[in-house]
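# Breakdown of the fold
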Amino acid sequence: MLRPRLIPILQVDNGRLVKTTRFKNPTYVGDPINAVRIFNEKEVDEIVIVDISASKQQKSPNFSLIEDLASECFMPLTYGGGIHTMEDANILFSLGVEKIALQSMLFENPKLFRDLVSRFGSQAIVFSLDIYRDYFGKVRTFSKHNKLTKKLTWEQALELASTLGIGEVLICDAGREGTMDGVDQRLIQEVTTNLPFPVVFSGGVGNFTDINNSLTWGADAVGVGAFCVFRGPNKAVLVTYPSSQQFSQELNWNRT
Amino acid sequence: MSNVKSVINMLNKIGFLAVAQQKPTELTSNAFIVLPGVGTFDQGVKELASSGWGNALKDAFATEKSIILGLCLGMQLLSEGSEEGDKAGLGIIPGHFKKFEIEENQTNMKVPHMGWNEVDFNDSILDFSPIKPIEQRYYFVHSYHYSHQNDDQVVGMSYHGSRFASAIKNKKALGLQFHPEKSHRFGAQLFSNLLTGTNA
């Protein structure tokens, strides 16, 4: 394998590109198609698009927008948000989506989850797990819209997802999401241990030190949000992605 | 099945007219057939049978009128079979697919093989392309890999835990494990070379 993947995770809210902070207060960033076009030109490793309004409003995916986004991507695209049926998944794959990210389905309909793996293959099914460190320092499952996630610990959720045959997991530290405040070493080490499938970690990445640390502490790939859409202390909007030269110079991790 | 749109997108972008065909029609000579695929082996076999493409591909291979390019699952379907499923593949390229195994000492190896990787092509690629690709990388996402017994079918090798054949061939059939349609300019360049090489 060449260098680990650095993956922009973009949030779409009713067709607009936004950025939340700890999954709250979405700030308008711009037009998602434009952003994807820029990432494509910059030869981004891969991209994840999450429709936060589809989850919240219990709607189906916006297939028309996804079709437009997929047509701009000459790299893999993972889509998540509002996927509820086999037909939703079928349409998404036919539009050019490479992988689908599922969250509440694990808790609400594990049978369909398993059927999706059987039909489309493990490598196409991603589990999206949001966690946070509570007041007492314990790592817990986080869910903004679905109270059912409280019924499973993050360990149980990963165990179940693994049994159902997922190909990859996106783990986000909801407590640091959007903050660029740095990453939580013990949390990363705790949740990434002993997972046989690739783990994409996100939440708090603000610079290459955070990227390197995430990889050293157990992530196989790093997801970035604010890091690739904001610049400077005033969070001016700027869609960017490191160049291959920057990667050569700044990427430096060591997994023991 | 899925992925057809992505392939057409890329081919159109590099200036080639590509058409999706749900069912096989009269294939002209020098036709270039791309069999993409995302999904499970048995599902793929079922769809090849129900659409009629399974037999059409075998005929096309037998007459040697067309180049057949299998991508990812498409590559696997061209083979004799895979550990992933119970059904038989088309048998156009000899050999089988096995699941990646994580050995005891390989603590950081993950399955599926997911991400960007290199392919070390040998001269067999020159049967299909005017040049041998160098300094390129492609996107891989798969849990099963070609298990080669001899070198005749091998066109390119990659490394994930151990070396495995990531490009294979038999006569006018070529299988690529990775996704050129999702590999930016590297994939575009490869497609361009393959299509130029066959005067498509």
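Refer to the preceding data block for the structure.
A few points on the structure.

The rules behind each value
- Residues numbered from 1 in each chain as written.
- Chains lettered and ligands numbered in written order.
- Predicted model: local features only at pLDDT ≥ 70, side-chain atom pairs only at ≥ 80, totals over all residues.
- Heavy atoms only, no water.
- Salt bridge = Lys/Arg side-chain N within 4 Å of Asp/Glu carboxyl O.
- Buried < 20%, exposed > 50% of the residue type's maximum accessible area, 1.4 Å probe, protein only.
- Helix = DSSP H or I, 4+ residues; strand = E, 2+ residues; numbered from the N terminus.
- Contact = heavy atoms within 4.5 Å.
- Pairing = 2+ DSSP bridges.
- Core = buried A, V, L, I, M, F, W, Y, C linked by side-chain atoms within 4.5 Å.
- Axes fitted to C-alpha atoms, helices over the stretch in contact; angles between N-to-C directions.
- Parallel < 35°, antiparallel > 145°, perpendicular 65-115°, else oblique.
- Left-handed = near helix turned anticlockwise from the far one by under 90°.
- Patch = residues over 30% accessible without salt bridge, like charges linked within 9 Å, V, L, I, M, F, W, Y side chains within 5 Å.
- Areas by Shrake-Rupley, 256 points an atom, 1.4 Å probe, with all protein chains shown as cover.
- Lys, Arg positive; Asp, Glu negative; His and termini not counted.
- Charge placed at Lys NZ, Arg CZ, Asp CG, Glu CD.
- Polar contact = N/O pair within 3.5 Å; in protein donor to acceptor, adjacent residues only side chain to side chain.
- Buried area = accessible area lost by both parts, 1.4 Å probe.

### Brief notes about the pattern of salt bridges
Pairing between side chains of opposite charge can happen when the charged atoms of each approach one another. Residues and elements named next belong to chain A. Inspection of the entire model under this criterion finds 17 salt bridges over all chains. One salt bridge connects Asp 13 with Arg 16, and the closest N-O pair in it is separated by 3.9 Å. For Asp 13, a relative accessible area of 8% corresponds to the buried category. For Arg 16, a relative accessible area of 38% translates into the label partly exposed.

### Details of the environment of Gly 165 of chain A
Residue and element names in this part refer to chain A. Assignment of secondary structure puts Gly 165 in the loop between α7 (154-164) and β9 (168-173). On the accessibility criterion, Gly 165 (16% relative accessible area) is buried. Between the alpha carbons of Gly 165 and Ala 89 there is a distance of 16 Å; along the sequence they are 76 residues apart. Apart from residues lying up to four places away in sequence, Gly 165 is in contact with Val 117 and Ser 122.

### Here's the deal with the pairing of strand β9 (residues 154-160) of chain B
Residue and element names in this part refer to chain B. For β9, the tally of buried residues reaches 6 of 7 residues, placing the bulk of the element in the interior. Judged from the 2 bridges that link them, strand β6 (residues 120-121) and β9 form a sheet pairing that is antiparallel. Opposite Phe 121, over in β9, you have Gly 156 as the bridge partner.

### As for the nonpolar core
Counting residues in each nonpolar core, the largest one holds 77 residues, and the members touching the most others are Ile 100, Phe 113, Phe 127 and Val 169 of chain A. Discounting chain neighbours no more than four positions away, the residues touching Phe 113 of chain A are Leu 102, Met 105, Leu 106, Ile 125, Phe 127, Leu 164 and Ile 166 of chain A. Residues Ala 18, Phe 32, Val 155 and Leu 176 of chain B belong to the second largest nonpolar core, which totals 35 residues.

### Focus: the packing of helix α1 (residues 32-41) of chain A against helix α3 (residues 63-71) of chain A
Residue and element names in this part refer to chain A. Their axes nearest at 9 Å, the elements α1 and α3 cross at an angle of 20 degrees. Here α1 is positioned roughly parallel relative to α3, judged by the angle of their axes. Of the two elements, α1 crosses α3, and the hand of that crossing is right-handed. When α1 is examined against α3, the residues Pro 32, Ile 33 and Val 36 are found in contact with a partner set consisting of Leu 65, Asp 68 and Leu 69.

### Brief notes about a positive patch on the surface
Residue and element names in this part refer to chain A. A contiguous patch of positive charge, built from Arg 22, Lys 24, Lys 56 and Lys 144, is present on the exposed surface. With respect to the element layout, Lys 56 can be found in helix α2 (residues 52-56). The partly exposed category is assigned to Lys 56, whose relative accessible area is 45%.

### Some thoughts on unusual backbone geometry
With an omega of 5 degrees, the peptide bond between Val 111 of chain B and Pro 112 of chain B qualifies as cis. Within the chain, Glu 43 of chain A stands out as a residue other than glycine whose phi angle is a positive 55 degrees. Located in the positive-phi region is Asn 194 of chain A, a residue other than glycine, with phi close to 60 degrees.

### Observations regarding a negative patch on the surface
Residue and element names in this part refer to chain B. On the surface, Glu 83, Glu 101, Glu 103 and Glu 104 cluster together into a negatively charged patch. Among the structural elements, Glu 83 can be located in the loop between β3 (81-82) and β4 (96-99). For Glu 83, a relative accessible area of 48% corresponds to the partly exposed category.

### Re the side chain of Thr 192 of chain A
All names here are of chain A. Within the fold, Thr 192 resides in helix α8 (residues 185-192). A relative accessible area of 6% places Thr 192 in the buried class. Separated by 2.7 Å, the side chain of Thr 192 and the backbone oxygen of Ile 188 make a polar contact. When near neighbours in sequence (up to four residues on either side) are disregarded, Thr 192 contacts Val 199, Trp 217, Gly 218 and Ala 219.

### Remarks on the interface of chain A and chain B
Accessible area lost when the parts come together is the quantity often used to give the size of an interface. In this assembly, 37 residues from chain A lie in contact with 37 residues from chain B. Note on chain A versus chain B: buried area summed over both sides is about 3100 Å², and carbon and sulfur give 53% of it. At the boundary of chain A and chain B, one finds 4 salt bridges. Between Glu 67 of chain A and Lys 5 of chain B there is a salt bridge, and its shortest N-O distance comes to 3.0 Å. The tally of links between chain A and chain B comes to 16 residue pairs in polar contact (both at pLDDT 80 or more). If you list the elements that add at least two residues to the side of chain A that touches chain B, you get α3, α4 (86-94) and α6 (110-120) of chain A. No other element matches the 4 residues that α6 of chain A contributes to the side of chain A that touches chain B.

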